[in-house]
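Structure at a glance
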Amino acid sequence: MPEWKTHAEWLLSEGSESLAEVPRSCCCMQLRSAWVCSLIFAWLPWIFFQGAENVRDTCEQPELSVWLKMFSLVAILAPAAMLTLLTVLSMIGVRFSKGTPIGAGHLSGLHFLVLVAMAAYGWYVYIGSTQEMCDGAGPYKPHTLLLVTLLTVSILAGFVTCVGTWMHYGAENIQDDYKPPPWGGYL
């Protein structure tokens, strides 16, 4: 194999039509696993809805209740619902781009960005409200639930961003400068 300047040139030179098509057998497996994961964690939105019902009328940020409900649904059900929608559209022949279609990887990135944006707004809601004014008498405390959720999402978002940045910029030089040992050959 000749020396290629970039991986993109090699990919373009292969000319395989299968690189631009969605594998039919793989799509259903991804969709099935997305719904299984959503159903396994379906109890999580129930906790958030219980916490949302426990928000007092005196809360400084009345949208705390709506945020808890929306975040739980977006975090758990949105990936499976969007993948189902894209699968149905793909089966009837609707494409959003020429070449590589929108797939599960694109949806994961979009889902990550939506969760980070919702967490940013959640921090605004958290800072503008107090536990004494928002938490009702029930067992699920919305202000505490909001704080735990925001800390979890913020820490995971920071970790994913660091790993993604390292993979994007650091992976290019892993094997590029390899030189065989002085005695020749490979290990």
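Each remark here, short or long, concerns the structure printed above.
Residues numbered from 1 in each chain as written. Predicted model: local features only at pLDDT ≥ 70, side-chain atom pairs only at ≥ 80, totals over all residues. Heavy atoms only, no water.

With respect to the helices, strands and loops of the structure, Glu132 is situated in helix H7 (residues 131-134). Using a relative accessible area of 59% as the deciding quantity, one classes Glu132 as exposed. Residues Glu132 and Thr58, spaced 74 residues apart in sequence, show a C-alpha to C-alpha distance of 9.5 Å. (Helix = DSSP H or I, 4+ residues; strand = E, 2+ residues; numbered from the N terminus. Buried < 20%, exposed > 50% of the residue type's maximum accessible area, 1.4 Å probe, protein only.)

Attention now moves to the packing of aromatic side chains. Using the criterion set out here, one finds 5 aromatic pairs in the structure. Relative to Tyr124, the ring of Tyr121 lies with its centre 5.7 Å away and its plane at 35°, an arrangement referred to as tilted. With Tyr121 and Tyr124 both in helix H6 (residues 104-127) and 3 residues apart, this pair spans about one turn of that helix. Exposure remark for Tyr121: the relative accessible area of 39% places this residue in the partly exposed category. (Phe/Tyr/Trp six-rings, centres within 6.5 Å; stacked < 30°, edge-to-face > 60°.)

In this section: the pattern of salt bridges. Per the stated rule, a full pass over the model turns up 1 salt bridge. Close ionic contact of Glu53 with Lys69 constitutes a salt bridge, the shortest N to O distance being 3.5 Å. Note that Glu53 is positioned in helix H3 (residues 43-53) and Lys69 in helix H4 (residues 63-76), a separation of 16 residues in sequence. Looking at Lys69, the relative accessible area reads 24%, which means it is partly exposed. (Salt bridge = Lys/Arg side-chain N within 4 Å of Asp/Glu carboxyl O.)

Attention now goes to H3. Taken together, the buried positions of H3 are Pro45, Phe48, Gly51 and Ala52. Projection of H3 onto a plane perpendicular to its axis shows the buried side chains occupying an angular sector of 115°, all on one side. Buried residues along H3 sit in contact with H4 and helix H8 (142-170). (Arc of directions from axis to C-beta. Contact = heavy atoms within 4.5 Å.)

The next point concerns the packing of H3 against H4. When two helices pack together, their arrangement is given by the angle between their axes and by how far apart the axes lie. Running from N to C, H3 and H4 cross one another at 175°; their axes reach a closest spacing of 8 Å. Considered as vectors, H3 and H4 are oriented roughly antiparallel to each other. Counting all contacts with H3, which are made through Leu44, Pro45, Phe48, Phe49, Gly51, Ala52 and Glu53, the residues of H4 involved are Ser65, Leu68, Lys69, Phe71, Ser72, Leu73 and Ile76. Broken down by class, the residue content of the contact of H3 with H4 amounts to 9 nonpolar, 3 polar and 2 charged. (Axes fitted to C-alpha atoms, helices over the stretch in contact; angles between N-to-C directions. Parallel < 35°, antiparallel > 145°, perpendicular 65-115°, else oblique. Nonpolar A, V, L, I, M, F, W, Y, C, P; charged D, E, K, R; others polar.)

Following the sequence through the fold, Gly158 ends up in helix H8. Taking relative accessible area as the criterion, Gly158 reaches 32% and is therefore assigned partly exposed. Taking the C-alpha atoms as reference points, Gly158 and Val116, separated by 42 residues in sequence, lie 9.8 Å from one another.

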